[in-house]
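# Residue-level structural notes
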Amino acid sequence: MKFDGFGLRLLWLSSVSLLPILLSSQSAQAACVLIPNPGNNNYTCDSGTGGPLNDPGGNNLLVLPAGGTGRITGPVVFGPGADTVIIDSGTINGNLDTGAGNDRVELNDGVVNGTIFQGAVPIFS
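As the structure is a computational prediction, the values presented were derived from the model and not from experiment. (Residues numbered from 1 in each chain as written. Predicted model: local features only at pLDDT ≥ 70, side-chain atom pairs only at ≥ 80, totals over all residues. Heavy atoms only, no water.)

We now examine the pattern of salt bridges. Going through the model one piece at a time under the given rule, you end up with 1 salt bridge. Among the salt bridges present, the one from E106 reaches R104, with a minimum N-O distance of 2.8 Å. With relative accessibility at 27%, the residue E106 sits in the partly exposed group. (Salt bridge = Lys/Arg side-chain N within 4 Å of Asp/Glu carboxyl O. Buried < 20%, exposed > 50% of the residue type's maximum accessible area, 1.4 Å probe, protein only.)

Here you go:
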């Protein structure tokens, strides 16, 4: 195939415009994938359904971001560590237990259909 100058420039511009997308370090959230790995984990549930979530190790972060429609079916259980849960949308259908440690729970919007535990004591039911 032979390219004239214009066609070659158009091909080059097309490939350059895709370069930032291909090299981007951000990955799109695939709905509500909650698969624990050893160590510290960050979970985002922005759409779809996932869960339950049981991650007893590390310092973990769970975010249900504003404007999302994510739904976690079953309990969310973290272990000792500095865990953070930020709920700005969506639903957790089950108990939320951040385990022992210096934990933080922000419930700004969304629903927890269960009891919230921080350590051994329920703080919200």
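A separate point is the sheet that holds strand β4 (residues 61-64). With parallel pairing, 4 strands are arranged side by side in an open sheet as β1-β4-β7-β10. At either end of the open sheet lies a strand with only one pairing partner, and these are β1 (42-44) and β10 (104-107). Geometrically, the sheet is characterised by an average inter-axis angle of 5 degrees between neighbouring strands, direction not taken into account. Of the strand pairs in this sheet, β4 and strand β7 (residues 84-87) are connected by 4 bridges, and their pairing is parallel. Bridge pairing links L64 to I87 in β7. (Pairing = 2+ DSSP bridges. Helix = DSSP H or I, 4+ residues; strand = E, 2+ residues; numbered from the N terminus. Axes fitted to C-alpha atoms, helices over the stretch in contact; angles between N-to-C directions.)

Here the focus is unusual backbone geometry. With omega at 0 degrees, the peptide bond leading from G51 into P52 counts as cis. In this structure, P52 sits in the loop between β2 (49-50) and β3 (53-55).

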